[in-house]
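# Chain and residue survey
Letter by letter, the chains look like this.
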Amino acid sequence: MKNIRWTVGRRIAVITSIGLVTSVVVALVSWTVAGSVTSSAEQARAHQDARGLFQALDTRSSELKVDGFKSVTLTDPTSA
């Protein structure tokens, strides 16, 4: 590398090229990661919907359990 004579113009061109390549690489990585985040958000939304459905079913089963218990223990089951 000692024998290479770098003019100011070549140095500026190399520095600019390195900066451009770095910027392109960062942009590509961020674009790829943004797609991954979108996919993960859709999956999390689906899991949240399933969890809400499970909680609704759990609440309804608890209500039915209480209604069944009341109908068995009360003297007048029609009031339950």
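This write-up is about the structure you can find in this document. (Residues numbered from 1 in each chain as written. Predicted model: local features only at pLDDT ≥ 70, side-chain atom pairs only at ≥ 80, totals over all residues. Heavy atoms only, no water.)

### Thoughts on the pattern of salt bridges
Under the definition given, this model contains one salt bridge. Between Arg60 and Glu63 there is a salt bridge, and its shortest N-O distance comes to 3.1 Å. Taken together, the positions of Arg60 and Glu63, both in helix 1 (residues 8–73) and three residues apart, correspond to about one turn of that helix. Looking at Glu63, the relative accessible area reads 38%, which means it is partly exposed. (Salt bridge = Lys/Arg side-chain N within 4 Å of Asp/Glu carboxyl O. Helix = DSSP H or I, 4+ residues; strand = E, 2+ residues; numbered from the N terminus. Buried < 20%, exposed > 50% of the residue type's maximum accessible area, 1.4 Å probe, protein only.)

### Section: a nonpolar patch on the surface
Among the surface-exposed residues, Val21, Val25, Val29, Val33 and Val37 lie close enough to one another that they form a single nonpolar patch of about 430 Å² accessible area. Tracing the backbone through its elements, the reader meets Val29 in helix 1. (Patch = residues over 30% accessible without salt bridge, like charges linked within 9 Å, V, L, I, M, F, W, Y side chains within 5 Å. Areas by Shrake-Rupley, 256 points an atom, 1.4 Å probe, with all protein chains shown as cover.)

### Description of the environment of Asp76
Looking at the secondary structure, you find Asp76 in the segment after helix 1. Judged by its relative accessible area of 40%, Asp76 is partly exposed. The spatial distance from the C-alpha of Asp76 to the C-alpha of Asn3 is 105 Å, given a sequence separation of 73 residues.

### A few points about the environment of Val25
Among the structural elements, Val25 can be located in helix 1. Judged by its relative accessible area of 45%, Val25 falls in the partly exposed class. Measuring from C-alpha to C-alpha, the distance between Val25 and Ala50 comes to 38 Å, with 25 residues separating the pair along the chain.

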